[in-house]
Structures are given as C-alpha cells and as structure tokens.
Amino acid sequence: MATAVLLNDDIHTNTNDKSLEIFSLIWLDANVNVKGTRDTEVKLRSIINHIKKFQDVKQCQQYIEQTSQKDRLILVVSGRLGQEIVPSIHQLRQVISIYVYCIDKKNNEQWTFKFSKIKYVVVDLEELVTQITTDHKLQKKVEEPLSINIFTTNIGRDKSTTGVNGQFVFSQILVDCLLRLKSTETDKNELINLCENQYEGNDTELNNLREFQDYSPDKVLWWYTRESFCYKILNAALRTQNIHIIFLFRSFIYDIYRQLQKYQSKKVIRVYRCQLMSNHELNSLKQNIGQFVSIDADPKMVNTKSFANISKHSYFPDESEVLFMIGSIFRLNSIDRNDDQIWIIKMTLCDDDEHDLKQVLMYMKQQIKSEEINLRTLGKLLWKMGKLDLAEKYFNRLLQELPSNDPLISSLYEDLGELASQTGDFDMSVQWHQKSLTIKNKNQLTVNPIIKKIKLSTGQSIPVNPININTKWKQHGITIAGGNGRGNQLNELFCPEGIYVDDDHQTIYIADYENHRIVEWKYGAKNGQVVAGGNGYGNRSDQLKYPTDVIVDKKNDSLIICNYRSRKVVRWSRQNGTNGETIITNIDCSRLAMDNNGDLYVSDYKKNEVRRWKQGEKEGTLVAGGNGKGNHLNQLHFPTYIFVDEHYSVYVSDFENHRVMKWMKGAKEGIVVAGGKSEGNSLTQLYYPRGVIVNHLGNVYVADCNNRRVMRCCQGSKEGSIVVGGNGWGDRSNQLFYSTGLSFDAQGNLYVVDCHNNRIQKYEIELNLNLLTLMMKSITKFL
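Because the structure is a prediction, the values reported are computed rather than measured.

1. Focus on the overall build of the chain
Each helix and strand counted, the chain has 18 helices and 37 strands in total. The buried share among the 783 residues of the chain stands at 55%. Long-range contacts, defined here as pairs at least 24 residues apart, represent 55% of the contacts in the chain between residues at least 6 apart. Carbon together with sulfur atoms contributes 47% to the accessible area of the chain, which is approximately 35800 Å² in total.

Below, the structure is given as structure tokens:
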C-alpha cells in the first residue's frame with residue numbers, strides 16, 4: 001500500500017522558489033503533508049535539491065506554467081490529481097518527466113499510457129526513488145540546455161561585420177572582465193552563505209560545503225566535475241545568465257581558466273555532445289529536437305580560449321571529458337541529417353581574433369583593457385548592455401568597500417546620479433549629484449555649507465551641517481511606507497517599531513512588530529518586500545516573534561534583529577537569507593545600536609541595563625544601568641531605544657522614567673539630557689520617550705511617544721522644542737499616533753515610525769538658501 005511520505009513544510013524541505021539549480025522536483029498530492037520517514041526526503045534532495053509541494057491542482061499548474069522554459073521539472077503526482085493536471089502541463093517544455101505514485105497501479109496505467117512523459121506508475125516509495133535516481137543521470141546529460149549566443153556575419157570580400165547578436169558580445173566581454181576582477185573575502189563569504197541557505201536540510205550538499213572550506217585552486221577541475229553544488233549552481237548560472245552568481249564564482253572560473261591553460265591540448269581533437277533542444281532553442285540552426293554536436297578543436301589557433309582533456313584531473317578519471325573555457329567561439333560549419341534521422345551539427349573552434357569578429361570584440365575589449373578592473377568597470381559594462389539594476393548594485397557594492405576618503409567615491413556618486421536619471425528617478429539623481437558635489441567642494445564648506453555626514457551608532461549616516469538648533473522640517477509628513485491600514489499584505493504594516501534608513505541602497509528596513517517580520521521598503525515603492533521572518537509567529541530559525549528593532553551590519557552584509565519575545569538577538573543575511581542565526585541568547589532585548597567599531601549594544605528591559613557585545617563575546621560589557629529598577633542616576637526603568645555617538649557615549653530612552661539619559665564611556669552614572677521632570681506635555685517634559693538620535697552638536701532628537709510629537713533638546717537649554725507633530729493624535733499628515741522609531745537620511749530628512757497609524761512618515765528638511773543655491777549650480781552643471 002502506498003503512503004504519502006513527504007514531510008511538513010516546517011521540516012527542512014527547501015521550498016525557496018529562487019532555486020539556483022536547473023532541476024526541480026514538484027510533488028502534487030492531496031496528502032502531501034502527512035508525516036512520513038525523513039530518509040525519503042534526504043534521498044530525494046540528494047538527487048534534486050529543490051522540492052516544491054502542492055495539494056491544489058490549480059496552484060500547482062499555475063506554478064509550473066510560470067516557470068521558465070530553461071527550467072527542468074520532474075513531477076511526482078498522485079493518480080487522482082494526475083488525471084487532472086497531466087493533460088494541461090504535459091506539452092510544456094520545462095516538464096521533462098512525470099512519475100505517478102499511487103495505490104492502484106493497474107487502473108492508473110490505463111490512462112497514463114497516452115502521455116509519453118510519464119515514466120513510471122509506482123506504488124513503492126523505494127522504487128520511485130530508484131527510478132528518479134536512474135533517470136536523472138541521463139537527464140543531466142541531455143536536458144541541461146546549452147548556453148548558445150549567436151554571432152551573425154555576412155562575409156564578403158572585405159569580411160565586414162554587418163550584424164551582431166548583442167548578447168553574444170556581452171558574454172565575451174563579461175568573461176574577460178570577470179577574469180581580471182579580483183575576488184574578495186566578502187564575495188567568498190556571500191557565496192558560501194548563499195549556498196548554505198540554498199541547501200539547508202540537504203546533508204549531502206552541506207557536507208560538500210564543509211569540505212569546500214579546504215578548497216585549493218589546483219583542485220578546481222576535480223570540484224567542477226564532481227556531482228556537487230559547484231557544478232550544479234555554476235552551470236545553471238551560466239545557462240540562465242545569472243550574472244551575480246557568475247560574479248560570485250569568478251575566482252573559481254579563473255582557476256578553471258588557469259588549469260585549462262596548464263593542461264592545454266597539444267593536438268587537434270574531435271569531441272561530441274548529445275543535446276536535446278526545443279525548436280525555439282534551435283530556430284536559427286534547425287528546427288528539430290534530437291541533436292548531436294561535433295566540434296573540431298585545433299590548439300594551433302593563435303588566440304583561442306583554452307581547452308583540455310581533463311580526464312586525469314576529473315572526479316571521474318575513467319570518463320573521457322574535454323572542457324572548453326567559458327566564452328569559447330565556434331563557427332557553425334554544417335547541419336545534416338544522417339540515416340538514423342538525427343541532425344548532425346558540425347562546428348569548429350575559432351580564433352578570437354578572426355577578422356570577422358575582431359572589429360566588434362576588439363573595440364569593446366580595448367575599452368576595458370587599458371584600465372584596472374574594479375566594480376565600477378563591471379558596473380559600466382553592465383550599464384552599456386542595459387543591465388541598469390545590476391550596474392547600480394555593483395556601484396553601491398564598491399561604495400561599501402571603499403574607505404571614506406577614497407577619491408573614487410565622488411565619481412561613483414556621479415555614476416549613480418546619471419544612472420538614476422536614465423531610469424526616470426530625477427529626485428534621486430539630484431541627490432546623488434549633490435553627494436558628489438559635497439566631496440568636490442570640501443574647501444568651500446566653511447563658506448557654503450553643504451551636506452556632510454557622520455556615522456550613526458547603527459552604521460547609518462546623519463547629515464552634519466544642515467541640522468542645527470535652527471533647522472526646520474516641513475510639518476506635513478509624507479507616508480513612504482504602509483498607511484493602508486493594519487494588515488499583513490506587502491503594502492501594509494501592523495504596529496511597526498524600529499527602522500533603519502540605508503542611504504546607500506535607498507532602502508528602509510522596518511521591524512513590523514505584529515506581523516513578525518522585517519520588511520525592506522525601497523524609496524518610492526508602493527509595496528515592501530519581506531526580508532526576514534514573515535513565516536508566522538514562532539521560534540523556528542525562519543520565524544520571528546515580535547521583532548522590535550533592526551539594524552544593518554554592512555561589514556557582514558546582514559541584518560541584526562531584536563527578536564523581542566524569543567529573548568534573543570539574531571543575524572539574518574541580506575543575500576537571499578531564509579533563516580536567522582542566533583548571536584545572543586537569553587536576553588530580554590528591547591532595542592539595538594552599533595558603534596563605529598562594529599560593536600553591538602543591546603538594551604535589556606528586565607535587567608534595566610545596556611550591554612556592549614563584541615563579536616564572539618558570551619556575556620557582554622555593562623555600559624549603562626545595571627543597578628536595579630529605579631530613577632537614580634545610576635539606574636534605568638525599562639530602557640528602550642539607544643544611540644551611540646562617535647565618542648562611544650550611550651544615550652538611552654528611559655521609558656518609565658520619562659527621560660533620556662547619557663552615559664559617557666566608562667561612567668558609573670548617567671546624565672539626564674532630556675525630560676526627567678515626570679510625565680507631562682510641557683516643553684521640559686516627556687511622556688514615554690522612544691526613538692532617540694543625537695547629532696554632532698549633542699542635540700537630542702527624541703520620539704515623545706504619548707505626546708505624539710518629536711522633540712529637540714539642545715545642550716544648555718532648559719526647554720525642548722517641538723520638531724514635528726504635537727497636533728493631537730490622529731492620522732492626518734501633520735499628526736502622529738504613538739511615535740516610536742526615529743531616523744534621519746543623508747539629506748537631513750526626518751523619518752518617524754507612526755506605530756498605531758501603521759505607517760512611516762517622512763518630514764522633508766527645509767534647506768537654507770546657501771544650500772539651495774549650491775544645489776541649483778550642481779543641477780545646472782549636470783544638465
């Protein structure tokens with residue numbers, strides 16, 4: 001008797017739709033979530049890592065239809081549901097084989113014989129796994145689509161190039177660029193983290209990853225030919241042209257290049273490749289489905305990409321295999337059908353400098369050959385090829401890597417400004433050019449102050465010169481996230497708490513408290529994207545439990561989250577992270593901050609203290625409070641939001657004491673810098689303070705929560721002043737209802753979390769005349 005054996009979704013099955021491999025296994029069964037043996041899933045995932053489970057025919061069919069024709073799907077389906085779905089999806093190119101797993105084999109065989117892609121009808125699970133394993137060995141050889149870019153030329157007397165496939169040229173130049181672009185530890189760590197997330201629960205591949213930690217360049221061919229994540233992910237990336245994955249693998253590709261040079265074949269060889277192709281994939285060659293490709297390769301060609309017989313260096317030394325370097329160019333010689341009705345395509349390896357190609361390829365290669373290759377070079381190349389999102393990605397990546405005084409930063413700001421104008425984001429274009437102008441006019445800052453930045457405790461940037469005791473903000477806020485009522489849709493929030501403004505990526509990260517998730521909201525976007533949690537309330541590693549705060553650790557490209565009700569602080573990768581890593585446990589954490597050294601600060605609302613945690617520490621160091629609950633200067637009472645300035649002084653919103661305290665580095669007592677005169681709404685009082693930020697002048701900005709306002713408290717002043725809000729509770733643009741998180745962006749605009757209105761409000765800075773004049777000069781120069 002057949003029984004459903006796939007595990008529940010909450011037990012290690014990789015259901016991430018962003019699979020990095022070509023092959024996926026789809027399981028459709030009304031009882032798909034009945035618990036069974038763990039061995040089954042382990043065996044299936046050792047064959048095909050990506051498993052997607054469905055109980056509903058329509059949802060399954062929609063998912064399959066939305067996949068790319070370059071994907072390769074293996075479908076396992078119950079007999080009853082198979083009769084519904086198979087007629088609809090059988091003709092799709094991406095569906096390559098179907099297995100019917102049922103109780104009644106005889107009756108199901110009566111309808112399945114009509115469909116050629118149904119390989120087997122089975123009632124025994126072990127037989128199913130065995131058949132999938134056996135079939136998949138052949139599928140990998142014939143079903144992985146070749147990545148073919150076609151270069152078209154008309155060859156006359158002068159052999160001029162009259163037509164070029166841009167994708168072909170792009171792939172050639174990209175390979176040259178990546179081979180010269182040095183890899184970094186950040187890239188390598190990102191690749192490992194990405195693979196760990198992709199193969200979570202797959203013990204076979206996780207063991208391969210651990211073994212890969214001892215990788216050496218001389219073993220690259222061994223690793224590439226081995227049945228492991230290296231081959232699967234890299235080949236999928238090359239075939240689907242996933243540029244960022246290729247980018248992360250570039251040191252691995254460079255090692256292949258060097259090994260092929262070392263073992264370059266010395267004689268002419270002929271190699272064969274059996275490849276199944278669709279009519280669409282071969283419409284420029286010949287419209288048919290079974291193809292053999294015969295390739296003649298002559299090593300005497302002057303500038304061909306390297307190729308070698310790698311059998312001796314392969315994981316499978318008994319198999320004969322010739323490997324060609326990525327970007328190898330072949331001339332299509334002939335297409336003929338043999339007596340067995342098989343199409344034979346004959347090609348010859350070409351010299352990279354053949355005159356037919358030279359005019360186009362050499363021109364573009366010379367543009368990058370004379371300069372040192374860096375991420376800006378790669379970004380410009382992608383920009384020229386119309387890959388604007390990727391160009392922006394690598395410009396911003398380089399910004400994060402460069403020291404703050406690097407002269408290249410100004411040029412990168414200009415690049416980003418021009419890029420933004422091309423996408424129609426003219427406001428952002430002006431902001432990038434404004435940043436560039438800031439650097440160029442350093443010597444004029446004392447006369448014509450323009451925006452200058454210092455680092456916040458969370459790693460964010462805060463403008464220096466525009467924010468002083470006279471700075472004003474527009475009183476009507478703009479809703480830039482949420483504002484559509486409380487809910488869990490992507491355009492909704494439910495009691496948001498902390499925020500982090502990432503100017504480098506034009507992104508706001510929001511701790512969406514009641515939705516148990518962190519939401520990333522791009523500037524100008526109508527919807528956010530869940531980047532952590534969002535899988536319900538719970539303690540699993542892919543869940544959050546009332547998160548109250550989030551900051552970005554740019555050095556490790558990760559989010560650090562205060563997981564309030566789980567009593568822990570977690571780290572979540574920004575690169576396709578699907579699970580969090582606990583970094584501090586057994587702590588009643590309230591809020592977070594980070595200083596310029598990368599040390600983490602956490603407020604503990606039960607112990608009424610703030611501790612500093614260096615990376616790897618288990619206990620942390622007390623920096624504020626820690627003397628029990630109270631209102632003395634050495635005490636705190638329910639500390640919430642914290643800020644650490646450039647001198648490592650810690651500012652704490654002392655919630656129940658209605659005050660903000662400053663604890664200087666090493667101090668045993670704090671100083672009251674705002675409020676502290678019991679609860680109230682006068683200009684000397686606060687009423688449950690929350691978010692706090694301090695500028696370079698020592699002026700404190702605090703979200704005065706129950707007074708529905710943001711206050712500025714200046715050094716030496718007896719009274720504070722209302723910055724925004726203070727117009728009673730409500731949802732109008734000049735009102736706040738329970739203000740919590742607080743932040744500035746690099747232009748001095750103020751962001752306030754309006755918790756009970758389920759929105760984030762932006763209050764634009766009112767710029768002074770000198771700054772506006774300088775900006776207009778910048779814009780005029782740009783135009």
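Having put the structure on the table, let's press on.
2. A look at the packing of aromatic side chains
As enumerated under the stated definition, the model contains 33 aromatic pairs in all. Ring centres of tryptophan 222 and tyrosine 315 lie 5.1 Å apart, and the angle between their planes is 65°; on these two criteria the pair is classed as edge-to-face. Here tryptophan 222 is found in helix α9 (residues 220–225), whereas its partner tyrosine 315 is found in the loop between β8 (307–309) and β9 (322–324), with 93 residues between them in sequence. Ring centres 5.3 Å apart and planes at 90° place the aromatic pair tyrosine 701 and phenylalanine 744 in the edge-to-face group. One end of the pair, tyrosine 701, is in strand β32 (residues 700–704); the other, phenylalanine 744, is in strand β35 (residues 739–744), and 43 residues separate them in sequence. Of the residues examined, tyrosine 701 reaches a relative accessible area of 0% and is grouped as buried. A connected cluster of aromatic rings, assembled from ring pairs, spans Phe212, Tyr215, Trp222, Trp223, Phe229, Phe249, Phe252, Tyr315 and Phe316. We note lysine 219 situated over the ring of tryptophan 222; from NZ or CZ to the ring centre the distance is 4.3 Å. Arginine 591 extends its terminal NZ or CZ atom over the ring of tyrosine 641, reaching a point 4.3 Å from the ring centre.

3. Considering the pattern of salt bridges
For the structure on display, the rule yields 26 salt bridges. Its salt-bridge partner being aspartate 415, residue arginine 376 comes within 2.5 Å of it at the nearest N-O pair. Of this pair, arginine 376 sits in helix α14 (residues 375–384) while aspartate 415 is found in helix α16 (residues 408–422), placing the two residues 39 residues apart along the sequence. For the pair arginine 376 and aspartate 415, one class covers both residues: buried. Here aspartate 704 ties to arginine 709 by a salt bridge, and the two come within 2.7 Å at their closest N and O atoms. According to the relative accessible area criterion, aspartate 704 is buried, its value standing at 0%. Of the residues examined, arginine 709 reaches a relative accessible area of 4% and is grouped as buried. A single network of salt bridges, built from pairs that share partners, joins Asp502, Asp504, Lys554, Asp557 and Arg574.

4. Some details on the nonpolar core
Within the largest apolar cluster, 62 residues are counted, with the highest numbers of intra-cluster contacts made by Phe229, Ile233, Phe247, Phe249, Phe252, Ile256 and Leu378. Broken down by element, this core gets its largest block of residues, seven residues, from α16. Three or more residues apiece are contributed to this core by two domains, here domain 2 (147–154 + 163–364) and domain 3 (369–455). What phenylalanine 249 contacts, discounting residues up to four positions off in sequence, is Leu191, Cys230, Ile233 and Leu234.

5. Things to note about the UniProt feature "repeat: NHL" (unreviewed entry) in the chain
Cross-referencing UniProt, the feature "repeat: NHL" (unreviewed entry) maps to residues 678–710 and 735–766 in the present numbering. Helix makes up 0% of residues 678–710 and strand 39%, whereas the separation of the span's terminal C-alpha atoms amounts to 17 Å. Taken end to end, residues 735–766 comprises 0% helix and 50% strand; its first and last C-alpha atoms sit 19 Å apart.

6. Quick look at the pairing of strand β21 (residues 568–573)
Burial analysis of β21 places six of its six residues in the buried class, the great majority of the element. Here β21 shows no split at all, with Lys568, Val570 and Trp572 on one side and Val569, Arg571 and Ser573 on the other all buried. Linking strand β20 (residues 558–563) back to β21 in an antiparallel pair, the connection comprises four residues, with arginine 567 at a positive phi of about 60°. Pairing analysis gives five bridges linking β21 to strand β22 (residues 580–585), with the strands arranged antiparallel.

7. Regarding the packing of helix α2 (residues 57–66) against helix α3 (residues 79–89)
Contact geometry of α2 with α3 gives a least axis separation of 10 Å together with a crossing angle of 25°. Between α2 and α3, the interaxial angle falls into the category roughly parallel. Of the two possible hands of crossing, α2 and α3 adopt the one that is right-handed. For the pair formed by α2 and α3, the contact residues are Val57, Cys60, Gln61 and Ile64 on the first element and Leu81, Glu84, Ile85, Ser88 and Ile89 on the second. A per-class count over the contact of α2 with α3 returns six nonpolar, two polar and one charged.

8. Looking at the environment of asparagine 627
Locating asparagine 627 in the fold gives a position in the loop between β26 (621–625) and β27 (639–644). With a relative accessible area of 41%, asparagine 627 lands in the partly exposed category. Among residues more than four places away in sequence, those in contact with asparagine 627 are Asn634 and Gln635. A polar contact of 3.5 Å, which involves the side chain of asparagine 627, links it to the backbone oxygen of glycine 625. Within polar-contact distance, the side chain of asparagine 627 engages the backbone oxygen of asparagine 634 at 2.8 Å.

9. Overview of the sheet that holds β26
With antiparallel pairing, four strands are arranged side by side in an open sheet as β23-β24-β25-β26. Since the sheet does not close on itself, it has two edges, and those belong to β23 (589–594) and β26, each with one partner. Taking each pair of neighbouring strands and ignoring which way they run, the sheet shows an average axis angle of 25°. When strand β24 (residues 600–604) meets strand β25 (residues 609–613), the two strands line up antiparallel, connected through five bridges. In the sheet register, serine 603 faces β25, and the bridge partner there is valine 610.

10. Some remarks on the state of the cysteines
Scanning the model with the defined rule gives zero disulfides in all. Here cysteine 713 stays free of any disulfide, with the sulfur of cysteine 714 as its closest cysteine sulfur at 7.5 Å.

11. Brief notes about the sheet that holds strand β18 (residues 529–533)
Pairing is antiparallel in the open sheet, where four strands are placed in the order β15-β16-β17-β18. Edge positions in the sheet fall to β15 (496–502) and β18, since each of these pairs with one other strand and no more. Each strand of the sheet is rotated relative to its neighbour by a mean of 25°, with strand direction disregarded. Here strand β17 (residues 517–522) runs beside β18; their pairing, made up of four bridges, is antiparallel. Looking at the pairing, valine 519 lines up with valine 530 of β18.

12. Section: the pairing of strand β36 (residues 750–754)
Of all the five residues making up β36, five are buried; the element is thus mostly covered by neighbouring parts of the structure. By the bridge criterion, four bridges tie β35 to β36 in an arrangement that is antiparallel. Following the sheet pairing, serine 743 is matched in β36 by tyrosine 751. In the sheet, β36 pairs with strand β37 (residues 759–763) via five bridges, with the strands oriented antiparallel. Its bridge partner being in β37, valine 752 is matched across the sheet by glutamine 761.

13. A look at helix α12 (residues 250–262)
Its 13 residues give α12 an end-to-end C-alpha distance of 18 Å, which sits within 8% of 18 Å, the value for a rise of 1.5 Å per residue. Within the sequence span of α12, burial applies to Arg250, Phe252, Ile253, Asp255, Ile256, Gln259 and Leu260.

14. Details of helix α10 (residues 229–240)
Here α10 contains twelve residues, and its C-alpha end-to-end distance of 16 Å stays within 8% of the 16 Å for a straight helix at 1.5 Å per residue. Of all the twelve residues making up α10, ten are buried; the element is thus mostly covered by neighbouring parts of the structure. Of all the residues in α10, the buried ones are Phe229, Cys230, Lys232, Ile233, Leu234, Asn235, Ala236, Ala237, Leu238 and Arg239. Trailing α10 by a residue or two, glutamine 241 shows a phi angle of about 55°, which is positive.

About the criteria used
Residues numbered from 1 in each chain as written. Predicted model: local features only at pLDDT ≥ 70, side-chain atom pairs only at ≥ 80, totals over all residues. Heavy atoms only, no water. Helix = DSSP H or I, 4+ residues; strand = E, 2+ residues; numbered from the N terminus. Buried < 20%, exposed > 50% of the residue type's maximum accessible area, 1.4 Å probe, protein only. Contact = heavy atoms within 4.5 Å. Areas by Shrake-Rupley, 256 points an atom, 1.4 Å probe, with all protein chains shown as cover. Phe/Tyr/Trp six-rings, centres within 6.5 Å; stacked < 30°, edge-to-face > 60°. Lys NZ or Arg CZ within 6 Å of the ring centre and 35° of its normal. Salt bridge = Lys/Arg side-chain N within 4 Å of Asp/Glu carboxyl O. Core = buried A, V, L, I, M, F, W, Y, C linked by side-chain atoms within 4.5 Å. Domains from an automatic or database assignment. UniProt positions renumbered as here; feature names shortened; annotations may be inferred. Pairing = 2+ DSSP bridges. Axes fitted to C-alpha atoms, helices over the stretch in contact; angles between N-to-C directions. Parallel < 35°, antiparallel > 145°, perpendicular 65-115°, else oblique. Left-handed = near helix turned anticlockwise from the far one by under 90°. Nonpolar A, V, L, I, M, F, W, Y, C, P; charged D, E, K, R; others polar. Polar contact = N/O pair within 3.5 Å; in protein donor to acceptor, adjacent residues only side chain to side chain. Disulfide = S-S within 2.5 Å. Expected span 1.5 Å × (residues − 1).

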